[in-house]
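Tertiary structure, described
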Amino acid sequence: MLVNLRDICAIAEQNNMAIAAVNSASLEAIRAAIEVSEETGYPIIIQHAEGHEQLVPLKYVGPIVRTLAERSSAQICLNLDHCEHLSYAQRALDLGFTGVMFDGSALPYEQNVEYSQRVADMCAEYGAGLECELGSMGSREGGERDEGGTAEEAGAIYTNPDQAKDFVEATGLDILACSFGTVHGIYKGEPHLNFDVRTEIRKRVKVPLVMHGGSGVSDEDYVKAINAGIRKVNYYTYGAKYAGEAACREIDSKRAKSDSAIIYWHDLTPVAYESFKRTFEHVVKVFANGANPVA
C-alpha cells in the first residue's frame, strides 16, 4: 500500500527505528525493495532522484513503483529524492508520488527557505509529505562525484542547529535532512559522524531527521544515529556497487569456463536482483533497531 512520507516517518518515530530509503534506478532494485519489505514486515521508501533521470526517466519509474506499491501488502512510500526544480516536483506529484525531498542546500539560505515554502504548498495540495535539506554534504547526488571522501574533503557544511529551528518553522516541512558527517558516493576512509551536531539539532526541532549518504556507514553508527533521532536513512551507492560487483563476478565466471562465452544481459539481472535483496534485507533489519515488524 502507498503511504505518505510524513506518516511513514511517524511510524519510525513511534518505534525508535529508521526507514530505509532506497533509490529506484533499476527494476531489480525496485523488486528487491518491495519483496524485502513484504517479507520482513518493515516499511520502506522507494525513491527516484532527479539526478537519475538519465538512468530511468521519471515518467516510467513513477507509474511502475506506484502500481507495484498499490498492489503490495507492504507499507511503501514513493518519494522524489534530491529534487532541485519546482517543475520536476510538480511532475512527480502529478504521477502520484507521496513524498518530495526538495534540495535547496546549494542555494543561499533565504532562497532555500523561499523555494522550500513553495514546494510545501505544492505538497499540501496533493497530501504528500515534504523533506528539505539544510547544510551540505559537499558531493552531490546523481554522479557528479564518484568518491565522497570524508565530509571535510567533500566540502561539507554541517547543519547549524539554531538555523535548523528557524528553517523548520519557516518552511513547514515534515522531515529534515541534516549534514553531520556523511557524504554522497564512495567513502575513501571511515566516515566520522558528528553526533554533537545531530544532538543539538534534535534538541531544537521536533520533526524526524534524515541521514543522507547513508550507505557505507557502519552498523554501529547506524544504531547510534537512530537512537539519536534519525528516522530515515538514504541508501543507494553501496547497494548499487555490490550489485555491479556481483554482475562482474558472474561475467568472470562465464569467461573462465569459455573465452568465447556469450554474455547475455538477462543473465545478469537476476544476479543484480539477488545482490540488492541481500543488501536491502540487511540494512532494513539494522535500521529496525530491534523494533517488531510493523503491521
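Residues numbered from 1 in each chain as written. Predicted model: local features only at pLDDT ≥ 70, side-chain atom pairs only at ≥ 80, totals over all residues. Heavy atoms only, no water.

**A closer look at the overall build of the protein chain**
Going by this rule: By the criteria applied, helices consist of DSSP H or I runs no shorter than four residues and strands consist of E runs no shorter than two, each listed in order from the N terminus. We call a residue buried when its accessible area falls under 20% of the maximum for its residue type, exposed when it is over 50%, and partly exposed in between, using a 1.4 Å probe and counting protein chains only. Contacts were defined at the residue level, with two residues in contact if any of their heavy atoms lie within 4.5 Å. For every accessible area listed, the method is Shrake-Rupley and the probe measures 1.4 Å; residues are considered covered only by the protein chains on display.
A tally of regular secondary structure across the protein chain gives ten helices and eight strands. When the 295 residues of the protein chain are sorted by exposure, 54% land in the buried category. Summarising the internal contacts of the protein chain: among those between residues at least 6 apart in sequence, 73% fall at separations of at least 24. Summed over all atoms, the accessible surface of the protein chain reaches about 12,500 Å², with 49% contributed by carbon and sulfur.

**As for the pattern of salt bridges**
As a reminder of what qualifies: Between Lys or Arg on one side and Asp or Glu on the other, a salt bridge is scored when a side-chain nitrogen of the former is within 4 Å of a carboxyl oxygen of the latter.
Taken as a whole, this structure holds 15 salt bridges when the rule is applied. With a shortest N-O distance of 2.7 Å, Glu245 and Lys241 are connected by a salt bridge. Remark: Lys241 and Glu245 occur in helix H9 (residues 237–257); sequence separation between them is four residues, near one turn of the helix. Here Glu245 falls in the partly exposed class, since its relative accessible area comes to 31%. Via salt bridges that share partners, Arg31, Glu35, Glu39 and Lys277 belong to a single interconnected network.

**Notes on the sheet that holds strand E5 (residues 129–134)**
Spelled out, the test is: DSSP bridges decide pairing: two strands pair if at least two such bridges lie between them. To define axes, lines are fitted to C-alpha atoms, for helices over the stretch in contact only, and angles between the resulting N-to-C directions are given on a 0 to 180 degree scale.
If you trace the eight strands once around the closed barrel, you get E1-E2-E3-E4-E5-E6-E7-E8, paired in parallel fashion. Each adjacent strand pair in this sheet contributes to an overall mean axis angle of 25°, direction not counted. In the packing of helix H3 (residues 58–71) onto the sheet, the strands contacted are strand E2 (44–49) and strand E3 (76–83), and the crossing angle to E3 comes to about 160°.

**A word on the packing of helix H5 (residues 109–126) against helix H6 (residues 161–171)**
Condition: Each crossing is labelled by how the near helix is turned from the far one, with a counterclockwise turn of less than a right angle marking it left-handed and a clockwise turn marking it right-handed. Gly is put with the polar residues, along with every residue not named as nonpolar or charged; the nonpolar set is Ala, Val, Leu, Ile, Met, Phe, Trp, Tyr, Cys and Pro, and the charged set is Asp, Glu, Lys and Arg.
Axis separation between H5 and H6 bottoms out at 9 Å; the angle between their running directions is 35°. Considering only the axes of H5 and H6, their crossing is right-handed. Touching Tyr109, Asn112, Val113, Ser116, Gln117 and Ala120 of H5 are Gln163, Asp166, Phe167, Ala170 and Thr171, all from H6. Per-class residue counts for the contact of H5 with H6 are five nonpolar, five polar and one charged.

**Observations concerning the packing of aromatic side chains**
Under the convention used in this document: By convention, a stacked pair of Phe, Tyr or Trp rings (six-membered ring in the case of Trp) has centres within 6.5 Å and planes under 30 degrees apart, an edge-to-face pair has planes over 60 apart, and any other such pair is tilted.
Under the counting rule described, the total for this entry stands at five aromatic pairs. Where Tyr109 meets Phe167, the ring centres are 6.1 Å apart and the plane angle is 50°; that geometry is what we call tilted. Of the two residues, Tyr109 is situated in helix H5 and Phe167 in helix H6; the sequence distance between them amounts to 58 residues. Under the relative-accessibility criterion, Tyr109 is labelled partly exposed at 23%. The class of Phe167 is buried, set by a relative accessible area of 0%. Relative to Phe287, the ring of Tyr222 lies with its centre 4.8 Å away and its plane at 75°, an arrangement referred to as edge-to-face. Residue Tyr222 is found in helix H8 (residues 219–227), and its partner Phe287 is found in helix H10 (residues 265–288); the two are separated by 65 residues along the sequence. Judged by relative accessible area, Tyr222 falls into the buried class, the value being 3%.

**A look at a nonpolar patch on the surface**
To be explicit about the condition: Patch membership requires more than 30% relative accessible area and the absence of a salt bridge. Residues of like charge join within 9 Å; the nonpolar side chains Val, Leu, Ile, Met, Phe, Trp and Tyr join within 5 Å.
Nonpolar side chains collect at one region of the surface, where Leu27, Tyr60, Ile64 and Leu68 lie side by side and expose about 370 Å² of accessible area between them. Ranked by residue count, the leading element in the nonpolar patch is H3, at three residues. You can see Leu68 is positioned in helix H3.

**A closer look at the nonpolar core**
To be explicit about the condition: For our purposes a nonpolar core is just a set of buried Ala, Val, Leu, Ile, Met, Phe, Trp, Tyr and Cys residues, chained together by side-chain atoms within 4.5 Å.
Counting 88 residues, the largest nonpolar core has Leu176, Met211, Phe280 and Phe287 as the members making the most contacts within it. For this core, the element with the most residues is H10, which contributes nine residues. If sequence neighbours within four positions are ignored, Phe287 has contacts with Met17, Ala18, Ile19, Ala20, Tyr222, Ile226 and Val233.

**Some words on the side chain of Glu131**
Here Glu131 is to be found in strand E5. With sequence-adjacent residues up to four places away left out, Glu131 is seen in contact with Leu5, Asn79, Val100, Met101, Phe102, Ile175, Ala177, Val210, His212 and Lys232.

**Some thoughts on the confidence of the model for the protein chain**
Put simply, the test is: Note: pLDDT gives the predictor's confidence per residue, expressed from 0 to 100.
In this model, the protein chain carries a mean pLDDT of 89, and residues with pLDDT of at least 70 account for 89%. Here residues 142–148 is modelled with pLDDT under 50, and outside its nearest four sequence neighbours on either side it reaches 17 contacts, counting other chains as well.

**Remarks on the pairing of E5**
What counts, and what does not: Think of it like this: strands point away, you trace from the first strand over the helix to the second, and a clockwise trace means the crossover is right-handed.
The buried fraction of E5 is high, at six of six residues. Of the two faces of E5, the one carrying Gly129, Glu131 and Glu133 and the one carrying Leu130, Cys132 and Leu134 are both buried. Taking the sense of rotation as the criterion, the β-α-β connection linking strand E4 (residues 99–102), H5 and E5 turns out right-handed.

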